[in-house]
Structures are given as C-alpha cells and as structure tokens.
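Geometric and topological summary
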There are 4 protein chains.
Amino acid sequence: MSSTIKKIGVLTSGGDSPGMNAAIRAVVRACSYYNVECVGIYRGYQGMIEGDFKAMGPRDVKNIINKGGTILKSARSKDFMTKEGREKSFHNLKNSGVDALVLIGGDGTFTGAEIFNAEFNFPVIGIPGTIDNDIFGTTNTLGYDTALNTVVDAIDKIRDTANSHNRLFFVEVMGRDAGHIALNAGIGAGAEEILIPEEAFGLDRLVESLNRSKESGKTSSIVVVSEGDKIGKNVFELKDYVEENMPEYDVRVSVLGHMQRGGSPSCFDRVLASRLGVKAVESLLEGKSNFMVGLIEDKIALTPLEQAIKGSSKMDMELVKVSDIVSS
Amino acid sequence: MSSTIKKIGVLTSGGDSPGMNAAIRAVVRACSYYNVECVGIYRGYQGMIEGDFKAMGPRDVKNIINKGGTILKSARSKDFMTKEGREKSFHNLKNSGVDALVLIGGDGTFTGAEIFNAEFNFPVIGIPGTIDNDIFGTTNTLGYDTALNTVVDAIDKIRDTANSHNRLFFVEVMGRDAGHIALNAGIGAGAEEILIPEEAFGLDRLVESLNRSKESGKTSSIVVVSEGDKIGKNVFELKDYVEENMPEYDVRVSVLGHMQRGGSPSCFDRVLASRLGVKAVESLLEGKSNFMVGLIEDKIALTPLEQAIKGSSKMDMELVKVSDIVSS
Amino acid sequence: MSSTIKKIGVLTSGGDSPGMNAAIRAVVRACSYYNVECVGIYRGYQGMIEGDFKAMGPRDVKNIINKGGTILKSARSKDFMTKEGREKSFHNLKNSGVDALVLIGGDGTFTGAEIFNAEFNFPVIGIPGTIDNDIFGTTNTLGYDTALNTVVDAIDKIRDTANSHNRLFFVEVMGRDAGHIALNAGIGAGAEEILIPEEAFGLDRLVESLNRSKESGKTSSIVVVSEGDKIGKNVFELKDYVEENMPEYDVRVSVLGHMQRGGSPSCFDRVLASRLGVKAVESLLEGKSNFMVGLIEDKIALTPLEQAIKGSSKMDMELVKVSDIVSS
Amino acid sequence: MSSTIKKIGVLTSGGDSPGMNAAIRAVVRACSYYNVECVGIYRGYQGMIEGDFKAMGPRDVKNIINKGGTILKSARSKDFMTKEGREKSFHNLKNSGVDALVLIGGDGTFTGAEIFNAEFNFPVIGIPGTIDNDIFGTTNTLGYDTALNTVVDAIDKIRDTANSHNRLFFVEVMGRDAGHIALNAGIGAGAEEILIPEEAFGLDRLVESLNRSKESGKTSSIVVVSEGDKIGKNVFELKDYVEENMPEYDVRVSVLGHMQRGGSPSCFDRVLASRLGVKAVESLLEGKSNFMVGLIEDKIALTPLEQAIKGSSKMDMELVKVSDIVSS
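Calculation rules
Residues numbered from 1 in each chain as written. Chains lettered and ligands numbered in written order. Predicted model: local features only at pLDDT ≥ 70, side-chain atom pairs only at ≥ 80, totals over all residues. Heavy atoms only, no water. Least-squares fit on C-alpha atoms with pLDDT ≥ 70 in both. Contact = heavy atoms within 4.5 Å. Pairing = 2+ DSSP bridges. Helix = DSSP H or I, 4+ residues; strand = E, 2+ residues; numbered from the N terminus. Axes fitted to C-alpha atoms, helices over the stretch in contact; angles between N-to-C directions. Disulfide = S-S within 2.5 Å. Buried < 20%, exposed > 50% of the residue type's maximum accessible area, 1.4 Å probe, protein only. Phe/Tyr/Trp six-rings, centres within 6.5 Å; stacked < 30°, edge-to-face > 60°. Lys NZ or Arg CZ within 6 Å of the ring centre and 35° of its normal. Buried area = accessible area lost by both parts, 1.4 Å probe. Salt bridge = Lys/Arg side-chain N within 4 Å of Asp/Glu carboxyl O. Polar contact = N/O pair within 3.5 Å; in protein donor to acceptor, adjacent residues only side chain to side chain. Nonpolar A, V, L, I, M, F, W, Y, C, P; charged D, E, K, R; others polar. Domains from an automatic or database assignment. Parallel < 35°, antiparallel > 145°, perpendicular 65-115°, else oblique. Left-handed = near helix turned anticlockwise from the far one by under 90°. Expected span 1.5 Å × (residues − 1). Lys, Arg positive; Asp, Glu negative; His and termini not counted.

Considerations on the relation of the copies chain D and chain C
Applying a rotation about an axis and a shift along it to one chain copy brings it onto the other copy. Of the two same-sequence chains, chain D is brought onto chain C (RMSD 0.0 Å, axial shift 0.0 Å) by a rotation of 180 degrees. What the superposition gives is, in effect, a two-fold axis relating one chain to the other. When C-alpha distances to the rotation axis are compared across chain D, the minimum falls at Glu297(D), with a value of 2.1 Å. In this assembly the copies share their binding face: 100% of the residues contributing to the interface of chain D also contribute to that of chain C.

A look at the relation of the copies chain B and chain A
In the superposition of chain B on chain A (RMSD 0.0 Å, axial shift 0.0 Å), the rotation amounts to 180 degrees. Comparing interface residues between copies, 100% of those in chain B also lie at the interface in chain A; the contact surface is shared.

Notes on the sheet that holds strand E6 (residues 168–173) of chain C
Residue and element names in this part refer to chain C. With respect to topology, four strands assemble into an open sheet ordered E7-E8-E6-E9, the strand pairing being parallel. The sheet is open, and its two borders are formed by strand E7 (193–195) and strand E9 (251–255), each paired with just one other strand. For this sheet, the mean angle separating the axes of adjacent strands, direction not counted, is 20 degrees.

Side note on the state of the cysteines
All names here are of chain B. Tallied over the entire structure, the rule returns zero disulfides over all chains. Cys31 forms no disulfide, and the closest cysteine sulfur to it belongs to Cys38, at a distance of 4.0 Å. Note on Cys31: relative accessible area 0%, which makes it buried.

Things to note about the packing of aromatic side chains
Taken as a whole and assessed by the stated rule, the structure comprises 28 aromatic pairs over all chains. Taking the centre distance of 6.2 Å and the plane angle of 85 degrees together, the rings of Phe90(B) and Phe122(B) count as edge-to-face. Separated by 32 residues along the polypeptide, Phe90(B) in helix H3 (residues 83–96) and Phe122(B) in the loop between helix H4 (107–120) and strand E5 (124–128) bring together distant segments of the chain. Residue class for Phe122(B) comes out buried when judged on its relative accessible area of 2%. Every member of this aromatic cluster is reached through a ring pair, and the members are Tyr45(A), Phe80(A), Phe90(A), Phe116(A), Phe120(A) and Phe122(A). Cation over ring: Lys214(A) sits above Tyr249(A), and NZ or CZ is 4.2 Å from the ring centre.

Considering the interface of chain B and chain A
Residue-level contacts link 50 residues of chain B with 50 residues of chain A. Between chain B and chain A, roughly 4000 Å² of surface is buried when both sides are summed, and carbon and sulfur atoms account for 52% of that area. Our count for the contact surface shared by chain B and chain A stands at eight salt bridges. Ionic pairing is found between Glu282(A) and Lys321(B), a salt bridge with its closest N-O pair at 3.7 Å. Scanning the region where chain B abuts chain A turns up 20 residue pairs in polar contact (both at pLDDT 80 or more). Elements represented by at least two residues in the side of chain B that touches chain A include exactly helix H1 (20–33), helix H5 (144–165), helix H6 (180–188), helix H9 (267–285) and helix H11 (317–326) of chain B. If one sorts the elements of the side of chain B that touches chain A by residue count, H9(B) sits on top with eight residues. Among the residues forming the side of chain B that touches chain A, the class breakdown is 20 nonpolar, 15 polar and 15 charged.

Brief notes about the pattern of salt bridges
Side chains carrying opposite charge are able to pair once their charged atoms draw close together. What the rule picks out here adds up to 76 salt bridges over all chains. Note that Glu243(A) is salt-bridged to Lys239(A), the shortest N-O span being 3.2 Å. Of this pair, Glu243(A) and Lys239(A) both sit in helix H8 (residues 235–245), four residues apart, roughly one helical turn. What makes Glu243(A) partly exposed here is its relative accessible area of 28%. Close ionic contact of Glu306(D) with Lys310(D) constitutes a salt bridge, the shortest N to O distance being 3.1 Å. Taken together, the positions of Glu306(D) and Lys310(D), both in helix H10 (residues 305–310) and four residues apart, correspond to about one turn of that helix. Take Glu306(D): its relative accessible area is 42%, and that puts it in the partly exposed class. The class of Lys310(D) is exposed, set by a relative accessible area of 65%. In the salt-bridge network here, residues are joined through shared partners; they are Asp132(A), Asp134(A), Arg176(A) and Arg261(A).

Topic: the domain arrangement of chain A
Residues and elements named next belong to chain A. Each domain of chain A was delimited in the assignment, giving domain 1 (7–143 + 265–310) and domain 2 (144–261). Between domain 1 and domain 2, the C-alpha centre-to-centre distance is 34 Å. At the interface, 17 residues of domain 1 touch 13 residues of domain 2. Contact with domain 2 buries area across many residues of domain 1, yet Ile131, Asp132 and Asn133 alone supply 47% of it, more than any other trio. On the surface where domain 1 and domain 2 come into contact, there are three salt bridges. The residue Asp132 makes a salt bridge to Arg261 at a minimum N-O spacing of 4.0 Å. In this structure, the connection of domain 1 to domain 2 is made through 11 residue pairs in polar contact (both at pLDDT 80 or more). Partitioning the side of domain 1 that touches domain 2 into residue classes produces five nonpolar, seven polar and five charged.

Structural notes on the sheet that holds strand E8 (residues 221–226) of chain A
Residues and elements named next belong to chain A. The parallel open sheet is built from four strands, whose spatial order is E7-E8-E6-E9. Looking at which strands have only one partner, the edges of the open sheet turn out to be strand E7 (193–195) and strand E9 (250–255). In this sheet, neighbouring strand axes are inclined to one another by 20 degrees on average, regardless of whether the strands run parallel or antiparallel. As judged from the six bridges shared by strand E6 (residues 167–173) and E8, these two strands associate in the parallel manner. The partner of Phe170 across the bridge, within E8, is Val223. In this fold helix H5 (residues 144–165) packs onto E6, E8 and E9, with an angle of close to 165 degrees to the strand it touches most, E6.

Here we look at the packing of helix H5 (residues 144–165) of chain D against helix H6 (residues 180–188) of chain D
All names here are of chain D. One way to put it is that H5 packs onto H6 with a least axis distance of 9 Å and a crossing angle of 50 degrees. One way to sum up the angle between H5 and H6 is to call them oblique. You can see that H5 and H6 cross each other, and the crossing is right-handed. Residues Tyr144, Ala147, Leu148, Val151 and Val152 of H5 touch H6, and the partners they reach there are His180, Ile181, Asn184, Ala185 and Gly188.

Remarks on helix H9 (residues 267–285) of chain D
Residues and elements named next belong to chain D. Between its terminal C-alpha atoms H9 stretches 27 Å, which fits the 27 Å expected from 19 residues at 1.5 Å a residue. Within H9, 17 of the 19 residues are buried, which leaves it mostly tucked inside the rest of the structure. The first or second residue beyond H9 is Gly287, which carries a positive phi of 90 degrees.

As for H5(B)
Over its 22 residues, H5(B) runs 31 Å from end to end, which matches the ideal 32 Å to within 8%, given 1.5 Å per residue. For H5(B), a buried count of 21 out of 22 residues is recorded, marking the element as mostly surrounded by other parts of the structure.

A word on the side chain of Arg25(D)
As for its position among the elements, Arg25(D) is in helix H1 (residues 20–33). Buried and without a salt bridge, Arg25(D) has Glu192(C) as its closest oppositely charged side chain, separated by 6.1 Å. Looking at Arg25(D), its side chain comes within polar contact range of the main-chain oxygen of Val326(C), at 3.3 Å.

A short note on the interface of chain D and chain C
The accessible area lost on association of the parts is a frequent measure of interface size. Contacts between the two partners involve 50 residues from chain D and, on the opposite side, 51 residues from chain C. Regarding the contact of chain D and chain C, the summed buried area is about 4000 Å², with carbon and sulfur atoms giving 51% of it. Remark: the boundary between chain D and chain C carries eight salt bridges. As a salt-bridge pair, Asp156(C) and Arg270(D) come within 2.7 Å of each other at their nearest N and O atoms. Scanning the region where chain D abuts chain C turns up 21 residue pairs in polar contact (both at pLDDT 80 or more). For the side of chain D that touches chain C, the secondary structure elements donating two or more residues are H1, H5, H6, H9 and helix H11 (317–326) of chain D. For the side of chain D that touches chain C, the leading source of residues is H9(D), giving eight residues. Across the side of chain D that touches chain C, the residue classes tally to 20 nonpolar, 15 polar and 15 charged.

And the structure:
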C-alpha cells in the first residue's frame, strides 16, 4: 500500500478489556507488514499529552495475545478535555513524526478522537474495546465475549452451592447502562430471572415470577441483575424486598465486580482483535479517517465515529423471549 | 401457537459437541412453553429404531446447560440406512404419538432426516451440532466456539514450554476436511504458521517460512495443523521433514485429540443452542419442515436441509491474510 | 472385612464444598467393595429426621467426582438440636437398618455427630468438608484447595485491570474466623498485603506499608482481606480509610463471595475425598467410631471428633514471613 | 542474616514446569529482603558457560508468579558435562561476583550441581522443579499439582464425549518412569483403570478388568496410562490388543502431550515455590550447601543433594488400593 502515512501511534483508553493486547499486537504487526513505523502511547490520552511514547516492532508484542489488560496501560485524562491538552498532544505527535492514530476504547475515547480529528485534521481510527458491548456499529466489542464466559463460569460455581442449599441468589454483573452482559450471561448460566435496564420488570412481577418458579418445582434460583438495572436502588435492596415478601427463601447476593474486566481473552476476542487491528491500520493507509472498525454481519466494516458515539447498540428482543422460554 | 403437532421428539446424532445439552434443554422447555409434549430419543437414529424413548419435562433438563456431551447419547446407526430401519422408526414414533422431530447433529444426521422426511412426510428440523463448523447455512455450529477456546487454552500451555526451550511444535487440531478450527484457533493462539486443507502450502514453503520466522528473532514456534491438511501424510511426517531440513530445531508434536469434543460449553454456544432449540420448535409448530435452523448475519434463520447438506461453509480468505500479517 | 455393620448411611451437612460429591462416591463404592449396603441421606440432619433416605449403589454415583456441590444436598437443622429430633433420626435409621454413619461437614456437623453418638451409641465417622480449612486434625479440608485456585484465578483477572489502571484493590475472601484462604491465596496471587484475623495489622501500618510499596516502584496493588479480619469494620471501611489517607490512590473493592464455594474440585480435592471416603468406611467396619478422618503429614489418620471440634487449625507463621518477603 | 555471601545466581534447567517463575521471583525477592544481590542466569548451565547473566531486582520479577514456563529459559547443556565447561562457568560466576547458586530443576540439574560443588567448593542449593514428582526428599515437586489439574481437566472433557458414545479411551499421561501423575490424575478423573510402571498389570488382566467393568453396567471407560508403563510397547499397541479381544468396544487413544508441562500454576504450586525460593536463599546465607529444599510432612526441609538424586520417590500403595475401590 502506498500512503502518505509513515508512522502510526496506538493507544488504549478508558476501562480496559480482554483483547486490547491482541489488538495492539495486530496494529504493531500490520504496521510492520505494510512498512510503516509504529509508536505505542502509554496511559491513553494522558500519555499523549506527556509524550510517553515508545517505538514498537513485531518482537515487542510477542506473547501478549493471551494476556488480559493492556501493556500500554489506560487512564482517564482530564487534561485532554482542555484545548491546551490536545495542543500539547498534537505537538508531541508531530515531533515524534506520528501522522495517524489508532485508538482502542469506548464512547469517551471516540469522543476525544473525534474532537482531536476536527481540531487538527489528524487521521484517527477507533477500535471498540469494552466488555459492555454498548457501542453502535459492531455486534461485538473487544472483551465482551470473554466477560460473558467469565460471568457464566462464576455463576456455574454459584449454582453448585445454590443447588446444594435451595437458595436464591442475586448476582450483579457489569454492563453500565446496557443489559447485554446480563441477558446473554443470564441465558448462558440458566438464570431463572434476568433484570436488565432495557426492560422495566418491577418488584411485584419479580416476586410473582419467583413464586411461579418455585411452584414448578425449582428448589434454587439465580437472578442475574445488570448493574444498570433500576428495579431496586441496588441489588442489596432487591434482596431485602424479596426476603420480606418471600420469607421461605434463603437469599444471598454476589456482586461479581472487576474480575469481569480481566482474564485471558477468549479465542473469539483474540481473532476479532486481530482483524480489527489489521483493518484499522489498512484503513488509515487507504486515507480513511474518523471511522470506527467493527464487526457487522460477520464482516469487518467501518462506521463513522460520530455514528458510533451517538448510536446505541440495540437489545435483541428475540433474546429476551428466548430467555423467558428456556428459564421456564 | 395453534398447530396440529402435539408431540415433538428430539435426538442427538453423530459426533457429540458442547452445546448439545443446552439445545436439548431449549427444545424441551420450548415444547413446555407452547404446550406440546416432548420425547427424548436416546442414541440417535439407533434409539429411534429400538424405541428407546423417554417423556421429558422442564425439570428433566435442569442443570445440563453447562454440561458437555449429550444426555441423550449419540450413536451412528447402520440400521437407519436401511428402509427397514426407517420403517421401524416411523412406527415407533407413531405408536408413541410423536409427530415431529428435532435432530441435532451434522451432515450425516441431516441426510438421514431428509430421507426420512421424504419417505414418510414426517416433519423434521435440524440443528447444526458439531465442533467442525463445516455446515452451510450457519456461521457457527454448536460446539465450535467452545472447541476454539479449548484449543487456544491448550496451545497457550504448549507455548509456555515452547518458549522456555526454544522449540518448534506441530499441534494437530480437529476439523475434518475444514480448516475453521485450525485457522481461528491458530490466529487466537498466535501460531507462526497455520496449515489448512483449503490452502496448499507445500513443505518447501513451510521450511522457508520457518526460516524467515527464525531470522526475524523468534526463538520458538507453534505450527497449527488441521487434521484435514494434506501437506504431509500426517503431522509426524511433517516433524520428520522439518527436522531433516532444519536440524537446529528441536521439534515436537502434539495431537490434541478428543478433549476438543468435550467440556463445558462457552456462553456463546449456550446462548446459540438456546436460540436454535427454541426456533426449531417454533418452526415445527408453524408447519415448517425439512429445514435447518442456523445463525446467519447474527439472526436465526432457516436453510433448506438439502442446501445445508450440499453447500459447504466457506473459508474466509480475509482471515487467511490477517493470519499472515499478525504472525509476522 | 468382617464386621457387625451391614448398612452405612452418608450425609453432607453445613456449608457445601467442592469434593463432597467425590467423598460421597468413595463412601458408596467402598461400601460396595466391602459388601455392605449404603444409604444416602438427603439434606443433612434434617433429612435424617424426616427419613429422606435413598439406597445407593456404585452406578448412582457415576460422573459426580468432578461436580461441585453435593448431590445429597445440605441444610442446617434446628430440629436436630432437640432431643426429639435426634430420637426421630435414630428411629429412622434403625427402621432402615442403617447401623453406622459417615458425616461430611465441618465443626457444627461433627458436634451433632458427637452428641448423637453419645446418646445412642451410634457409630459415626466424620469427614472434614469446608473450604475454610479451619478444622483441627487435618492439613486440608475438602474444598480448600479448590477454593484457593478459584480465588487466585479471580485475583489474576483483577490484577489485569489493576495493572492497566494503577489501581489499589481490596479483595475480600472467605474463611470465616480463619485466615488460611487469605494467606495462601494472597501469596499465590502475589498480593501486596494480606490481612488475616490471626494477625492484628492496624490501619496505620497498612497505609505505611502501601506507601513503602508505592515508593518501591509498584504502580498497582492488591490487598487480600480475610472476611474474619477485624482491621476495619469491613472491607468498604478499609477503602474509605485508605482513600482519605492516600488520596492519590484510585481504590476499588471486590468481594469474591459464594463462587468460592462451588466449582469442579481440583485433582487434589478429588483424590483426598476418595481417600477419606474409603478410610471412613474402613474405620467403621473395623469397629471404630467417633473419629474424624483427616490428612496428617501426608497420611490418612484418625482424630477423635472431640479434639477435631475443640482444637483449632494453626496458622503457619513461616508462611506469614514468606508472604512478607515475596511481596517486597 | 550476616553471611559471607553477597551475590546469588539463580537458574532453571531441564524440563520446565509451572511454578518455576514463582520460585525465581521468590529467590530474587528473598535476596532483596536479605540485602544480597541477585543474578539471573539464562538457559540453565549453558547460559552459565556462556556468561548469559542479568542482575535482577524485585521489579524484574513482577507479574510472573502466575505464568507458566520460565523467564530464565531452560536448556540441556552437553558442554557442562565437560570439565572445561564447568571451569568456564566457575570463572564467569567469579568474574560477576556470584558466590552461590540456586538451581531449579530435576535429577539431571542436581547431578550437575553436585559435581560443580565438589569441584569448586561452590555453594549450591537445589529446588525440585518438574511435573513428574519423581524426586526423593519432597512430597511435591514444583509443577506436579498444576499438571494433575491439567490432566484431570482434559480427561473430564474426554469423559463427556466417551459417555455420549459408549467408548473406551486410552489416555496417555506424562511422568517419565514414575506413575505419580497417572495414579493421582487417574483417581481424580474417575478412571476405570490406571496403568503405572510401578505395577505390572498385564494385558490379560486389563481385558478381564474391562469386562468386569462392562458387566457392572458401565457403558464407557477411561484407562489412564503412564508414559513409563510397559504393559504394551505403547498406548497404540494397547488399543490394538483390546480391539482384537473386545471387538464390541469402540476404542480411542489420546496422548495428552506437552500441554501438561505448561499453564498458569495452581495456588499450591505458587505457594510452594514461594516457600522453597525463600528457604533456598536463607539456607545459602546460613552457610548451607549441597542440599535440596523440599516439602516433607508439610514443612520445608533440607535433603542432601546426593540423597535427592539417588533416592527415589515412593509410590503410595494405599493410593493404589483406593484407586481399585473407587473405580468399582
């Protein structure tokens, strides 16, 4: 590929997710393959402001495809929200000869990239990296598939003890304002109920449903609750409500927490990261900018960053129905 | 749903794969949800011939969604290839009041279903269950995603010891005549080379490539070989050839074998199984027959069984290129 | 073995733990091997009172060695604390011909067994099953090794995200009043600090130590806190204190919760369960009673139940020092 | 501790095993704790001859406790078997100021260390690192516990598919001349038969036993075969023999291979490695030499290297009997 771009910078920003390292590796190796230089930028936009750069070749990314987290580290940067911070960044990039950027992160990351592109006409391509799967323009964000397996594995363990004791467990999972993790991991874990922000379930209906579940012969129950769900103020309030209204139940709460953000990425996330990383570099070299690379109907495709930020990933209502049917 | 169908039979046939139990569970619970009876048929077509049936309700399939294998067991049946065998099957089904079938398996299973449907005008719907992902009409067969994770996890372990000793490993993976497992797990595991039947690589090119890899500074290598690949007679012959031509290498072989067919299904496979199982029952109740349910562009869709059998799943050549780039 | 015992009952009681099923399997098969009958008693002492018994043969315990939880289910029984409850139990056992018991559980379970033995001169042998490892007379309780691996695996994932963000995590683990899980999993996970009830650490010393850790160049930290530790009222209070005194830190809390009680048992726990189950049956057949079977200096050995209840497993202070050294 | 020793070298040699990195980390940090310098020696004795040394501080070993393999790499060295090679080593050590060695490996490693000590009166302490558990003077070698879990996890997967098809599987596991892995993982995986070199089983007895197993109602079987077992020439010959004599069986072979040597170490192996690494450094500083540190009756204890090399770890015959009983 011939291109005016000679050196590409890559950074990770926002919450980390499994697969980010695999994407960094793919960006670095695609640069090498297409004979452009590559520079790793540490700690996201903050490192861009501070000039925390490192030249990266194919051997610098060996043995990271299977590691969670991000070797470039991540951070949230207040300074990048100022014009001054972004100007510093621009000068650092220019001084280092970096003439295009690949940014791995979520909404916030892309918003920063869009502004930066608008102000300095600097070529940027985004890669969606977050476990929450809440980005428009891709069926999967990096780390989402891994997080689903982590959640399902944890709930399988909780199920062992729930079954042994005829208990009811509320399991809170991540996902910010989106119920993707809760719905999919809930189905995968065979949850009796799944509470997601996209569906207002109501406390009465929950108790009703748990009663039906008990009558059908179930002796233990798992209720998966998305952290964004608003049925109760939080999962502990849910517990209190159910204990009051169903005193026969021994209710427990488990908040899965940050382990959902780590771990060795699944094969799916590693392959997706590899595809997205390669495509991001190729897109820049083809003169494209201000796009996010994503997976749409099983193909790698570009979506304008603006749409990726404004749009929201939809909840598949077929899945909600499947969930009702298989938990019967 | 109103329908003339009152009782649905479900069986698993051919090689088992993770997710089959989740699909059985979904079929049983969808039957319950739509108020039709459900009958489990043991040991595939052989059990159908022998009348090895069991009525199944929602509680009979509890706690199986996370189990590998198939509680209905599987078998290959020579008797079902005879007219007599199929007639016996038909009479057993009629006598038990079963008026439609869901069949979980691969090519061979679907071929049997199609013949049975043609001879007795018996409603059949197939669900693709095989780790090989070699079925036309679905982007994923049940068990494929799980097998990829199993393979990648095993190769991660092999990589630990390969790195410690500067060794070259040939790792043979399953997939029959298709290279899907090898290509995807190979990318996921960061393999230096991936040998698949869809691409004639040649022994000379392999040695050349390994030499380049060594010159680039790599001190250990993993070559993933699809069992269907024909570059050498088998993976041990490959080892001999490379040892002869690259005496500086300490070469080892690992044939991953049947562990690839088992294990707790991934979240993806559990959700897919749930969706396919529900859709299979709904399709029968809507009067459809002779279709396979599959995943096409992220939606559950039907493909005529005939096409599913004759068509072949294509290898994505974008992926082959991605593999070349990221292994550089 | 010749013995007056013809039928042995087995139950699980108290909190369940991985390896209980493997122990049940070993008890059932040892009975078969020595030609005595075996009866499974459901839901611990409560099922004994209610006569919830089932005859068990070798095939009834197939494919359970790798399953978490307990197929006999567990429960806490208030009724068994009454003389009346125990008399009912005795009559149920006599009526069923059960003339000896194997009880799998912890302190509370053994206390019940000792009383029952004293009142009715009924032969009892205990098997220590709890993840907390807080039983005198055995270096390992069933499930402890598995729980350690579960905790370490979870913290490895948390470490990924802690490293990516330079964060401080407080991770609360189980263990009741004993710090075994915290100390061992803390060392295993490479924790910077480990807070256990056996050692009064003090909030000041914690902050001091975290400061030293930071000065030594560490950019993220994991502090493992035993649920029994009394340094703060709870782990959230710890977070508040550290945030106030070390405002530069981004502090997070993760309470691992009940997933620690489930999961497929480790090989160690499966083998230990097999050895203890066999030995429990053999001990009864040799006329022994009122003992716990345990692992002492790598050999299966008996400890009087009374001692097992009153004694307490000691914390190895060598390990505390090792922890200080390797976290430097 | 006051000592004449100012700088300690550490190396890994022979086959790598999970836990070696945790031991390296403990050695490095114990050196720091006791204010002596530490030098990592790459590629075992070969690196010692070639002067492939690197000063190591506490931060150089961060985030390796959970990694399989060895960051110091390993190798077998023919040169070290020559007087010349050992003299070169001695001069390299002296020139670098290294005045004591910690050697992590197996029999061969210790033999080299003993000779080196005898020739140059150079202080050496060995740490047993091999998955085979075939070293006298320790109940566990580093990596053995992890390997057991890897094997059991793999056989659990094979069991899924064996059960689904009523098949007989021969699973070959590692262990060199010792049956420890086979016996323990065989019990853990619920194997029907376990063939170990310590017990001459005979092909006839195997067929007999499989027949009994079948008659008792078992429909699938797993036979675990130690690589050192001599019942057949190899596991494929076993398959042929059984197929000839039990034509009703569908027999498969799985050779688990090198994945057994890798993977993230279990909590047990990480803690053991930490304890052994600390003790090795402390022993050198106390003026001890020519010992192996090991785990004996749950305490860290020293065994003269000579005994560690000549002695052999015994097979516990109680376990063989337990295996017979629980597989009934």
